[in-house]
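# Fold and contact review
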Amino acid sequence: MKHSNLSSILNNLQGRFVSVLVKDGANRISYSAKLKSHTPQVVTFVDTNEGKGRVFRKVRRSSVLGLKSGKHSFRRTKAL
């Protein structure tokens, strides 16, 4: 199911494992993560690929280019 806004997919996938694509300047970074929380400005998730235990990452919502988990997906097409 494709979601057209970020809030709907964040509410549906709260606490689940997702793939997150984040824009960092000219670079794009992909994370395998478990969503923890979100506010109108920030998305917080646990980076599951970090080997040093739980690494919480906070990214601005405007930096999130894509989220995907199973049949659910979100892609920000204007930024690509």
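Here's a quick rundown of the structure.

Rules used throughout
The numbers attached to residues start from 1 for each chain and follow its sequence in the written order. Restriction of local features to residues with pLDDT of at least 70 applies here, the model being predicted, together with a cutoff of 80 or more for giving and counting side-chain atom pairs; totals for whole chains, interfaces and linings are based on all residues. In computing side-chain properties, one takes all heavy atoms of the structure into account and sets aside hydrogens as well as water. Classification of ring pairs uses Phe, Tyr and Trp, with its six-membered ring standing for Trp, and accepts pairs whose centres are within 6.5 Å; under 30 degrees between planes counts as stacked, over 60 as edge-to-face, and the remaining range as tilted. Helix numbers and strand numbers start at the N terminus; a helix is a DSSP run of H or I with at least 4 residues, a strand a run of E with at least 2. Only protein chains enter the accessibility calculation, which uses a 1.4 Å probe. A residue is then buried if its area is under 20% of the maximum for its type, exposed if over 50%, and partly exposed in between. Cavities and pockets are found on a 1 Å grid laid over the protein atoms alone: a cavity is a set of points where a 1.4 Å probe fits but cannot escape, a pocket is an open set with protein on both sides within 12 Å along at least five of seven lines, and a lining residue has an atom within 4 Å of such a point. Grid points are joined across faces, edges and corners, and a volume is the space filled by probe spheres set on the points. Amino acids are sorted into nonpolar (Ala, Val, Leu, Ile, Met, Phe, Trp, Tyr, Cys and Pro), charged (Asp, Glu, Lys and Arg) and polar (every other residue, Gly among them).

Once that is clear, we can look at the packing of aromatic side chains. Evaluated as defined, the whole model comprises one aromatic pair. Here the aromatic rings of tyrosine 31 and phenylalanine 45 are separated by 5.4 Å at their centres, their planes lie at 55°, and the arrangement is tilted. Taken together, the residues span a long stretch of sequence, with tyrosine 31 in strand E3 (residues 27-38) and phenylalanine 45 in strand E4 (residues 42-47) at a distance of 14 residues. Note on accessibility: tyrosine 31 and phenylalanine 45 belong to one class, buried.

Attention now goes to the layout of surface pockets. One simple way to see leftover space: roll a probe sized like a water molecule over the atoms. Taken as a whole, the largest pocket spans an internal volume of roughly 160 Å³. Along the wall of the largest pocket there are 12 residues; nearest its centre are Gly66, Leu67, Lys68, Phe74 and Arg75. Listing elements by their share of the lining of the largest pocket, those giving two or more residues are strand E2 (17-24), strand E6 (64-69) and strand E7 (72-75). When residues in the lining of the largest pocket are grouped by element, the largest group, four residues, is from E6. When grouped by side-chain class, the residues that make up the lining of the largest pocket number six nonpolar, four polar and two charged.

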